[in-house]
Amino acid sequence: MPDIYDELRERLDMFPQGFPRTESGVEIEILRELFSPDEAQIMLFLGPSPEPVSAVAGKMGRDEAELGKQLYDMSRRGLILRFRVSDEEALYFLAPWVVGIWEFQVENLNDENIKLYEKYHEEAMVPERRKSKAAGFRVIPVEQEVQEDSQIETYEKVSEIIESSTRFAVADCICRKEAQMFGHGCDKLLEGCMMFDMAAAYYIENEVGREITKEEAKQILAKAEEDGLVHHSSNHLGKKIFICNCCGCCCKALANVTKHGNPDAIAQSNYYAVIDPDECNACEVCIDRCQVDAIQLLDDAAAVDKDACIGCGLCVSSCPTEGITLARKTGDEVSPIFADDAALLQTVARDKNKEYPFQ
C-alpha cells in the first residue's frame, strides 16, 4: 500500500512546476515536516481550482464544519491556497511547491528546514527547470531608462503594475533570508518581495507579509533599484500579482542562469545594454551592478555580452559618465511572452507531458 506522503508527492508533481522524486528522498522529509498524515490525505482531494468547503467535504465524506477549520488552518500555514469570496465564505485549492508552498514558509524558517529546502532545490528543482524552455519569470527593466521609448509595452513598466493594483503587501525574500541563515547572504534589501490585490490579501491575512500603501510600494521598488536588484514578474500579459526583486548572489531564479547555466529559466526584457567605449572611464561600476555577469572590462572599456544581458537597466542607471543606454530588441531577439498565466502553465505542462489543469 503506497505511503500517504508518496501519494502527496505525486499529487504536487502534477503541477507543471513539478515536485519530482529524488534518490535521497529529501522531498518526503519535507512533506512529513509540513503535513500531518491527515492533512496529507486532505491534499489528495483538493485540486488546482478553487472549491468551497462543502465540495471537498462531500468528496471526503467529512463533516463540513470540522473540515473547514482544518482547511483554514492549512491555508494559514501556507500549505494550500485560500480565496475569500466574502467574510463568511472561502474557497480552497492546492498550491504548487514553487511559486507557492516553499515561498509561504518564509516566516517559518529554521536551521533544520532550510537544509532540507536547499537540498531539494539542488537535487530536484534545478534539473526540473531544464525540462521546459518556457520561462515563468520575466525581467522588468528600470523604467526611467526606457520611458522615452514610445514602443515600451505596459508589461515592461513597474508603474503600470502598481497603478493597476489596489492592495499591496511586502515580505522578506526567502532566497536572501535562507542565504543569510546559512551565513553567506548579501546586504541587499531583504524585505523585497511584493504582492498585489488577491495575493496581497493572502499574505496579509496569513501574516506572511505586511500591508503597505501604494506610495510605500513605489519606495520599495526605488530602494530595490538602488541596491542593484532585478525586477521580475510573471511572464504573461495578464494581471500581475507579484514583483520579485532579485540579486545574482542569493536568488534562485537568477542562479538558474548564472550558477546552473540555464538561460531559458528567465525571460529577458525587450532591451539590452549598449556601452559607448568613448564615454567609458573603466570605473567598473556597471560590472559590480550586473547581476548576471554580462559585462567585463576589455581594452580599458567595459563591454556587454548581448546574449547574456537580461536587459534590467541597472548598469544604465548607475553609470557615472552616462555612457550606457538600453537598446530595443527586434524580431527573434524578443523573448516570448504568454497571453495569461493559464497559457504559460499549459505550455510548461506540455513540455513535460503533463495535463493542466489536472483533476
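Okay, so let's go over this structure. What you see is a predicted model; the values in this text were computed from it and never measured.

## Re the pattern of salt bridges
Step number 1: With the rule as written, the count across this model stands at 29 salt bridges.
Step number 2: Between E51 and K59 there is a salt bridge, and its shortest N-O distance comes to 3.1 Å.
Step number 3: Given a relative accessible area of 19%, E51 falls into the buried group.
Step number 4: One connected set of salt bridges, linked through shared partners, spans R9, D13 and K354.

## Considerations on the packing of aromatic side chains
Step number 1: According to the stated counting rule, one finds twelve aromatic pairs in the structure shown.
Step number 2: With centroids separated by 4.8 Å and ring planes inclined at 45°, the aromatic side chains of F19 and Y120 adopt a geometry described as tilted. One end of the pair, F19, is in the loop between α1 (4–12) and α2 (26–34); the other, Y120, is in helix α7 (residues 113–129), with 101 residues separating them in the sequence.
Step number 3: On the accessibility criterion, F19 (0% relative accessible area) is buried.
Step number 4: Classification of Y120 by relative accessible area gives buried; the value is 0%.

## Regarding the side chain of S234
Step number 1: Tracing the chain through its elements places S234 in strand β8 (residues 230–234).
Step number 2: Beyond its immediate stretch of four places on either side in the chain, S234 contacts G136, R138, K240 and F242.

## Overview of a negative patch on the surface
Step number 1: A cluster of acidic residues, D276, D278, E279 and E322, forms a negative patch on the protein surface.
Step number 2: Tracing the chain through its elements places E279 in the loop between β11 (271–275) and α13 (285–289).

## Considering the environment of C249
Step number 1: Position of C249 among the secondary structure elements: in the loop between β9 (242–246) and α12 (252–258).
Step number 2: Residue classification places C249 among the exposed positions, given a relative accessible area of 52%.
Step number 3: With 232 residues separating them along the chain, C249 and Q17 place their C-alpha atoms 23 Å apart.
Step number 4: With residues near it in sequence (within four places) discarded, C249 still touches C186 and Q291.

## Quick word on the side chain of S165
Step number 1: With respect to the element layout, S165 can be found in the loop between α8 (158–163) and β5 (168–171).
Step number 2: By relative accessible area, S165 is classed as buried at 4%.
Step number 3: One polar contact links S165 to K239, side chain to side chain, over a distance of 2.7 Å.
Step number 4: In this structure S165 touches F196, D197, K214 and K239, once residues within four positions along its chain are discounted.

## Points about the sheet that holds strand β4 (residues 137–140)
Step number 1: Ordered by their spatial adjacency, seven strands build an open sheet running β7-β5-β6-β9-β8-β4-β10, and the pairing between neighbours is mixed. This sheet does not close on itself; its edge strands, each paired only once, are β7 (210–212) and β10 (266–267).
Step number 2: Both β8 and β9 contribute to a ladder of three bridges, which runs antiparallel. Counterpart to H232 in the pairing with β9 is C244.

## Concerning the packing of helix α4 (residues 53–60) against helix α5 (residues 64–76)
Step number 1: Between α4 and α5, whose axes approach to 9 Å, the crossing angle comes to 115°. By the angle between their directions, the pair α4 and α5 is classed as roughly perpendicular. Read as a crossing pair, α4 and α5 show a hand that is right-handed. Across the interface between the two elements, V53, S54, V56, A57 and M60 from α4 touch E64, L67, G68 and L71 from α5.
Step number 2: Its residues assigned to classes, the contact of α4 with α5 comprises six nonpolar, two polar and one charged.

## Topic: the sheet that holds strand β2 (residues 80–84)
Step number 1: Spatially, three strands are ordered β1-β3-β2 in an open sheet, and the strand pairing comes out antiparallel. The two strands at the open ends of the sheet, each matched to only one other strand, are β1 (51–52) and β2.
Step number 2: As paired elements, β2 and strand β3 (residues 90–94) share five bridges and run antiparallel to each other. Note that in β3 the partner of R82 across the bridge is Y92.

## Concerning unusual backbone geometry
Step number 1: At the junction of V98 and V99, the peptide bond is cis and its omega measures out at -15° in the coordinates.
Step number 2: Looking at the element boundaries, V99 is found in helix α6 (residues 97–104).
Step number 3: We note that A282 has phi near 60°; this positive angle belongs to a residue other than glycine.
Step number 4: Checked against the element boundaries, A282 lands in the loop between β11 and α13.
Step number 5: A positive phi angle is found at D293, which is not glycine, with a value near 55°.

About the thresholds
- Residues numbered from 1 in each chain as written.
- Predicted model: local features only at pLDDT ≥ 70, side-chain atom pairs only at ≥ 80, totals over all residues.
- Heavy atoms only, no water.
- Salt bridge = Lys/Arg side-chain N within 4 Å of Asp/Glu carboxyl O.
- Buried < 20%, exposed > 50% of the residue type's maximum accessible area, 1.4 Å probe, protein only.
- Phe/Tyr/Trp six-rings, centres within 6.5 Å; stacked < 30°, edge-to-face > 60°.
- Helix = DSSP H or I, 4+ residues; strand = E, 2+ residues; numbered from the N terminus.
- Contact = heavy atoms within 4.5 Å.
- Patch = residues over 30% accessible without salt bridge, like charges linked within 9 Å, V, L, I, M, F, W, Y side chains within 5 Å.
- Areas by Shrake-Rupley, 256 points an atom, 1.4 Å probe, with all protein chains shown as cover.
- Lys, Arg positive; Asp, Glu negative; His and termini not counted.
- Charge placed at Lys NZ, Arg CZ, Asp CG, Glu CD.
- Polar contact = N/O pair within 3.5 Å; in protein donor to acceptor, adjacent residues only side chain to side chain.
- Pairing = 2+ DSSP bridges.
- Axes fitted to C-alpha atoms, helices over the stretch in contact; angles between N-to-C directions.
- Parallel < 35°, antiparallel > 145°, perpendicular 65-115°, else oblique.
- Left-handed = near helix turned anticlockwise from the far one by under 90°.
- Nonpolar A, V, L, I, M, F, W, Y, C, P; charged D, E, K, R; others polar.

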